[in-house]
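Spelled out, the chains give:
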Amino acid sequence: MRDSSSQINRSRRASQTNLRMSYNVCLLVFLSCLLLLGVTFATNMEQTTIVIDGTRQIAEIDENFVCATLDWWPPEKCNYDQCPWGYASLINLNLSSPLLAKAIQAFKTLRIRIGGSLQDQVVYDVGDLKTPCTQFKKTDDGLFGFSEGCLYMERWDELNRFFHATGAIVTFGLNALYGREKLRGNAWGGEWHHTNTQDFMNYTVSKGYAVDSWEFGNELSGSGIGASVSVELYGNDLIVLKDVIRNVYKSSQTKPLLLAPGGFYEEKWYSELFRLSGPGVLDVMTHHIYNLGPGNDPKLVSRILDPKYLSGSVTGLFKNVERTIQEHGPWASAWVGEAGGAFNSGGREVSETFINSFWYLDQFGMSSMHNTKVYCRQALVGGFYGLLETETFVPNPDYYSALLWHRLMGKGVLGVQTNASEYLRTYVHCSKGRAGITILLINLSKQTTFTVGVSNGVKVVLQAESTKRRSFLETIKRKVSWVGKKASDGYLNREEYHLSPKDGDLRSKIMMLNGDPLEPTVTGDIPKLEPVRHGVKSPVYINPLSISFIVLPTFDAPACS
């Protein structure tokens, strides 16, 4: 009996040991899963309420607010001993790439602005040219180190077939230096020769190519970058160009917009441009933003995560541009014609990574609040700031940020007040194509998880913290908002899109949506951007260093009707 009893005890001890091991393994697997899902165990939890005024719109953006640029830079374009452009130029971009086409088609209507530093050296190979039309070449005496370049009509035909197939809405940047001569410093003078532009437009119309807008010049305003043109000449040129457009398009049903000057905002120069060109000539005033500094600046990351810097460097700019239009050109609207964050091709291992989306989406939100109708990102492809990887066209994190904005954020911008710390950035729009509102929440804090309540100013629509006792699964859901796909408290759900970096690495090129990596499918398609759903009255949790879009379909917002 003693032998039998000992055997039983040994068996029990073995079973208990196995159970403990199984429990530890399960616990380890569970914790590992949480880490893989990007859960952050924050040291702080802060409750906050945002109050949204749904009775009126404070601003309005264009239906196709998101825009990306295609530039002219040849492969020889280099900065800081790095040459990140490859074959991303309009003249050599691989238009037969299925992934490139699908990336644009995912937007259905993506604005593409054709232009950049070299646009004022592009000659159009059409009509009676006085000199041969040749490709860009490196040269010490040329603007930005390059000679004049050529746009052959065969290439223009290929580009337009591509734009038509992908549903792109095209803005074309014109050469505003053609025929002028260099004076002293970076000033250029003399008459702008419009014949080459007119011949190019005539060719474009004769082929039935759709150009939504023509932009005159790139960074020639004010002090200029590389070259400058006086506001007196520029204002007169716009009058001439407007007449050219009217004549070329006189038999067309649609009339393209005229954009200018595509430079860095200087209040006096921009105001004078309206006065000199006169009412109704300039349809859109464009300006550029590179507020993070040069691409090799070691402070790029700290600036992106600093709410004071994000606001201080551009909030006044958006206000001033809006005021200039109201006072001097109320017939026009404002676009950000080019913005890459960091200039000189962007910041390596910053601009193409998750962390850049904090800056990018914050720019969207801030500019929208001041009636910026369109925001063009430098670039769709090319440099380190490309939305798509230069060689493979695989989307970088900012691509998915732009796509979510395009699909979720409607035209109407709503006012919002919050008692949250400055590290929680909050923007609210009418939802796109549906009832309700969409909230963009950007958490710049490294340690604080925010629990967010929503009020319409009259009643609390969404509590910052539920008072009922939670089940174990609900407790998990509190930390892991993507556990479970449907709400358990009724059919009225809200949608949540939580963005985080893979493995918690802010400089990862892989963005996670609700814990799943966003990567092209095995068939080379753009992945579906699926939300998670929760009951509309349950609290929202925003993890540290993450971004969330929250769609509230039942929020009472008369301004969005």
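Keep in mind it's a predicted model, so treat the numbers as computed, not measured. Position labels on residues start from 1 in each chain and follow its written sequence. Side-chain atom pairs in this predicted model are given and counted only at pLDDT of 80 or more, local residue features only at pLDDT of at least 70, and totals for whole chains, interfaces and linings cover all residues. Values shown for side chains rest on all heavy atoms present in the structure; no hydrogens or waters enter the calculation.

Let us now look at a nonpolar patch on the surface. The residues that make up patches have over 30% relative accessible area and no salt bridge, and they are joined within 9 Å when like-charged or within 5 Å when they are Val, Leu, Ile, Met, Phe, Trp or Tyr. Using a 1.4 Å probe, the Shrake-Rupley method yields the accessible areas, and only the shown protein chains count as cover for residues. When a carboxyl oxygen of Asp or Glu is within 4 Å of a side-chain nitrogen of Lys or Arg, the pair counts as a salt bridge. A grouping of Phe 144, Ile 225 and Phe 264 is seen on the molecular surface, where their side chains present a nonpolar patch of about 220 Å² in accessible area. You can see Phe 264 is positioned in the loop between strand 11 (257-263) and helix 6 (267-277). The buried label applies to any residue whose accessible area, calculated with a 1.4 Å probe on protein chains only, is under 20% of its type's maximum; exposed applies above 50%, and partly exposed to all values in between. With a relative accessible area of 30%, Phe 264 lands in the partly exposed category. Runs of E in the DSSP output that reach at least two residues are strands. Runs of H or I that reach at least four are helices, and both are numbered from the N terminus.

The linkage connecting Ala 260 with the following residue, Pro 261, adopts the cis geometry, with an omega of 0°. Inspection of the secondary structure assignment puts Pro 261 in strand 11. For the peptide bond that leads from Gln 378 to Ala 379, omega is 5°, which places it in the cis range. When you line up the elements, Ala 379 lands in the loop between strand 16 (372-377) and helix 11 (397-408). Positive phi outside glycine occurs at Glu 349, with the angle close to 60°. Judged by relative accessible area, Glu 349 falls into the partly exposed class, the value being 40%. Its identity as a non-glycine residue notwithstanding, Phe 393 has a phi of 65°, on the positive side. Assignment of secondary structure puts Phe 393 in the loop between strand 16 and helix 11. Accessibility expressed as a relative area gives 4% for Phe 393, which makes it buried.

The pLDDT value expresses, per residue, how confident the predictor is, ranging between 0 and 100. Mean pLDDT over the protein works out to 90, with 87% of the residues at or above the 70 mark. Across residues 1-10, where pLDDT falls below 50, the model places 0 contacts with residues more than four positions away in sequence or in other chains. In this description, contact between two residues means that some pair of their heavy atoms is separated by no more than 4.5 Å. Below pLDDT 50 for its whole length, residues 466-491 participates in 44 contacts with residues either more than four positions away or in separate chains.

This part covers the packing of aromatic side chains. Only the six-membered ring of Trp is used, alongside the rings of Phe and Tyr, when aromatic pairs are assigned; centres must lie within 6.5 Å, and planes under 30 degrees apart are stacked while those over 60 apart are edge-to-face, with the rest tilted. If you walk through the whole model with that rule in mind, you get 30 aromatic pairs. An angle of 35° between the planes, with centres 6.4 Å apart, marks the rings of Phe 65 and Tyr 375 as tilted. With Phe 65 in the loop between strand 1 (44-60) and strand 2 (66-70) and Tyr 375 in strand 16, this pair connects stretches of sequence that are 310 residues apart. Tyr 375 matches Phe 65 in its accessibility class, with the two residues each being buried. Ring geometry for Tyr 399 and Tyr 400: centres 5.3 Å apart, planes at 85°, overall edge-to-face. You'll find Tyr 399 and Tyr 400 in the same group, each marked buried.

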